[in-house]
Amino acid sequence: WGQDNYLQSSTPTSSAVSSLSMGDTVGCAMDSSGLVQCWGNTTSEVADPPNSALIDFDISTDHGCAVDATYNVTCWGDNTYGQINPPESVFSSISLGAYHGCGILEDGMISCWGDNFYEQSEPPSTPAIQQLALGETHSCALGENGWMGCWGNNNLNQNNYSGFDGLPLRIDAGGNFSCILVDP
């Protein structure tokens, strides 16, 4: 639902969708075999993911990245801020912000690339990271035993998490805000 000027809200009929990711004018879904199909503004570079089996993917405003079956990251789209040049490493998952990306490495550490104007691409050196969530100019991570941290732009308090009771289970980030799901 919502804005549909490029048919980005008109999802194609597909079975066995395992994950979704939305950009500004493009939506993409990965099926159970790891293939990604995109719809919406198909003239956008974002709508052109690799045509191979993937284990994770994400798209953003003007770029996308995917983790393939060999745990390498491939990115496509605009590269104004180096956002499609991830370091060569073994990744288990990725998340994208507006002009930066971060991934969880095989050792549970975080590696980031792309725009770093607000230090959103300088993660803490905390091991055992389980999930990442990137906003426009900030980044957040959730680790073992409920560890949670955010870094980067904090002009709207998007990194100031407090006042919740319970163990954080999942974290997500929008443009300039962050949310967590807790187990009370």
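Just so it is clear, the structure is predicted and the values come from calculations on it, not from any experiment. (Residues numbered from 1 in each chain as written. Predicted model: local features only at pLDDT ≥ 70, side-chain atom pairs only at ≥ 80, totals over all residues. Heavy atoms only, no water.)

1. Quick notes on the overall build of the protein chain
Thought 1: A tally of regular secondary structure across the protein chain gives zero helices and 14 strands.
Thought 2: Counting from the amino terminus, helix and strand elements in the protein chain follow one another as β-β-β-β-β-β-β-β-β-β-β-β-β-β.
Thought 3: Here the C-alpha radius of gyration of the protein chain, 16 Å, is about what a compact globule of 184 residues would show, namely 16 Å.
Thought 4: In terms of overall dimensions, the protein chain has C-alpha extents of about 40 × 35 × 35 Å along its principal axes.
Thought 5: Burial analysis of the protein chain (184 residues in total) assigns 46% to the buried set. (Helix = DSSP H or I, 4+ residues; strand = E, 2+ residues; numbered from the N terminus. Rg over C-alpha atoms; globule rule 2.2 N^0.38 Å. Buried < 20%, exposed > 50% of the residue type's maximum accessible area, 1.4 Å probe, protein only.)

2. Overview of the sheet that holds strand S1 (residues 17-22)
Thought 1: Spatial strand order, S1-S2-S3: three strands in an open sheet with antiparallel pairing. A single partner strand is all that each edge strand has here, and the edge strands are S1 and strand S3 (36-40). Adjacent strand axes in the sheet meet at a mean angle of 20 degrees, parallel and antiparallel pairs treated alike.
Thought 2: The pairing of strand S2 (residues 26-31) with S3 spans five bridges and is classified as antiparallel. Along S3, the bridge assignment pairs Cys28 with Cys38. (Pairing = 2+ DSSP bridges. Axes fitted to C-alpha atoms, helices over the stretch in contact; angles between N-to-C directions.)

3. Section: the state of the cysteines
What we call a disulfide is simply a covalent bond connecting the sulfur atoms of a pair of cysteines.
Thought 1: For the structure on display, the rule yields four disulfides.
Thought 2: Between Cys102 and Cys112 runs a disulfide, and the two sulfur atoms are separated by 2.0 Å. Note on the Cys102 and Cys112 pair: the S-S dihedral is about 105 degrees, so by sign convention the disulfide is right-handed. You can see Cys102 sitting in strand S8 (residues 100-105) and its partner Cys112 sitting in strand S9 (residues 110-114), a full 10 residues away along the chain. (Disulfide = S-S within 2.5 Å.)

4. A few points about the packing of aromatic side chains
Thought 1: This structure, assessed with the given rule, holds three aromatic pairs.
Thought 2: Judged by centre distance (5.8 Å) and plane angle (75 degrees), the rings of Phe91 and Trp113 are edge-to-face. Separated by 22 residues along the polypeptide, Phe91 in strand S7 (residues 91-96) and Trp113 in strand S9 bring together distant segments of the chain. Like Phe91, the residue Trp113 is buried in the burial classification. (Phe/Tyr/Trp six-rings, centres within 6.5 Å; stacked < 30°, edge-to-face > 60°.)

5. Let's talk about the pairing of S8
Thought 1: By the criterion of burial, S8 is predominantly enclosed, with six of the six residues buried.
Thought 2: Side-chain alternation along S8 places His100, Cys102 and Ile104 on one buried face and Gly101, Gly103 and Leu105 on a second face that is also buried.
Thought 3: In this antiparallel pair of consecutive strands, S8 and S9, the connection spans four residues, and Gly108 shows a positive phi of 85 degrees.

6. So, the nonpolar core
Thought 1: Counting 12 residues, the largest nonpolar core consists of Val26, Cys28, Met30, Val36, Cys38, Val46, Ala47, Leu54, Phe57, Ile59, Ala66 and Trp76.
Thought 2: Secondary structure elements with two or more residues in this core: S2, S3 and strand S4 (54-59).
Thought 3: When neighbours within four sequence positions are excluded, Cys38 is seen to be in contact with Val26, Gly27, Cys28, Val46, Ala47 and Pro49.
Thought 4: If you look at the next biggest cluster of nonpolar residues, it comprises 10 residues, including Val67, Cys75, Phe91 and Trp113. (Core = buried A, V, L, I, M, F, W, Y, C linked by side-chain atoms within 4.5 Å. Contact = heavy atoms within 4.5 Å.)

7. Here we look at the sheet that holds strand S5 (residues 63-68)
Thought 1: Taken together, three strands build an open sheet; the order of strands is S4-S5-S6 and the sheet is antiparallel. Two strands bound the open sheet, and with one partner strand each, they are S4 and strand S6 (73-77). Geometrically, the sheet is characterised by an average inter-axis angle of 15 degrees between neighbouring strands, direction not taken into account.
Thought 2: As paired strands, S5 and S6 are joined by five bridges and run antiparallel to one another. Across the sheet, residue Val67 finds its bridge partner in S6, namely Val73.

8. Describing a nonpolar patch on the surface
Thought 1: On the surface, Val17, Leu20 and Met22 cluster together into a nonpolar patch covering about 280 Å² of accessible area.
Thought 2: With respect to the helices and strands, the residue Leu20 is situated in strand S1.
Thought 3: On the basis of relative accessible area, Leu20 is assigned to the exposed category, the value being 57%. (Patch = residues over 30% accessible without salt bridge, like charges linked within 9 Å, V, L, I, M, F, W, Y side chains within 5 Å. Areas by Shrake-Rupley, 256 points an atom, 1.4 Å probe, with all protein chains shown as cover. Salt bridge = Lys/Arg side-chain N within 4 Å of Asp/Glu carboxyl O.)

Functional significance is not addressed by these values, which are geometric in nature.
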